[in-house]
Amino acid sequence: MPRTTRYPERVRLPRGHHTHAAGYRPGYADRITGCDKNAEPGEFLDDDSPVTCPACQRATAT
């Protein structure tokens, strides 16, 4: 998956099994995932971890 600057971080949310793409967006104080979930309570992973959330994959494909 190509690297994106909009969602440069990777996170696994509590009780979740997908890895999400996360980053800051204008109008939000917290980091938000590509699928519009709050990323702050999650466990942040290495930035080169593969994104497995289908909605985040679509958001980072552009």
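Look a little higher up for the structure.
Right, let's walk through the structure included here. (Residues numbered from 1 in each chain as written. Predicted model: local features only at pLDDT ≥ 70, side-chain atom pairs only at ≥ 80, totals over all residues. Heavy atoms only, no water.)

### As for the overall build of the protein chain
When helices and strands are tallied, the protein chain shows one helix and four strands. When the helices and strands of the protein chain are read in sequence order from the N terminus, they spell out β-β-β-β-α. Here the protein chain holds 62 residues, and 39% of them are scored as buried. Taking the contacts inside the protein chain whose residues are at least 6 apart along the sequence as the reference set, 45% of them involve residues at least 24 apart. (Helix = DSSP H or I, 4+ residues; strand = E, 2+ residues; numbered from the N terminus. Buried < 20%, exposed > 50% of the residue type's maximum accessible area, 1.4 Å probe, protein only. Contact = heavy atoms within 4.5 Å.)

### Concerning the pairing of strand β2 (residues 20–23)
The side-chain alternation of β2 yields two buried faces, one formed by His20 and Ala22 and the other by Ala21 and Gly23. Examined bridge by bridge, strand β1 (residues 9–12) and β2 share three bridges and lie antiparallel to one another. Looking at β2, one finds that Arg10 is bridged to Ala21. Here β2 runs beside strand β3 (residues 32–33); their pairing, made up of two bridges, is antiparallel. Each residue of the ladder has a partner; that of Ala22, found in β3, is Thr33. (Pairing = 2+ DSSP bridges.)

### Examining the side chain of His20
Looking at the element boundaries, His20 is found in strand β2. Beyond its immediate sequence surroundings of up to four residues, His20 is in contact with Glu9, Arg10, Val11, Leu13, Thr33, Cys35, Lys37, Cys53 and Cys56.

### Quick look at the packing of aromatic side chains
Taken as a whole, this structure holds zero aromatic pairs when the rule is applied. Against the face of Phe44 rests Arg31, its NZ or CZ located 4.1 Å from the ring centre. (Phe/Tyr/Trp six-rings, centres within 6.5 Å; stacked < 30°, edge-to-face > 60°. Lys NZ or Arg CZ within 6 Å of the ring centre and 35° of its normal.)

### Digging into the environment of Val11
Residue position: Val11 is located in strand β1. In the structure, Val11 is positioned 31 residues away from Gly42 in sequence and 5.9 Å away in space, judged by C-alpha atoms.

### A look at the sheet that holds strand β4 (residues 43–45)
Across the sheet, four strands lie side by side as β3-β2-β1-β4; this open sheet has antiparallel pairing. Each edge of the open sheet carries a strand with a single partner, namely β3 and β4.

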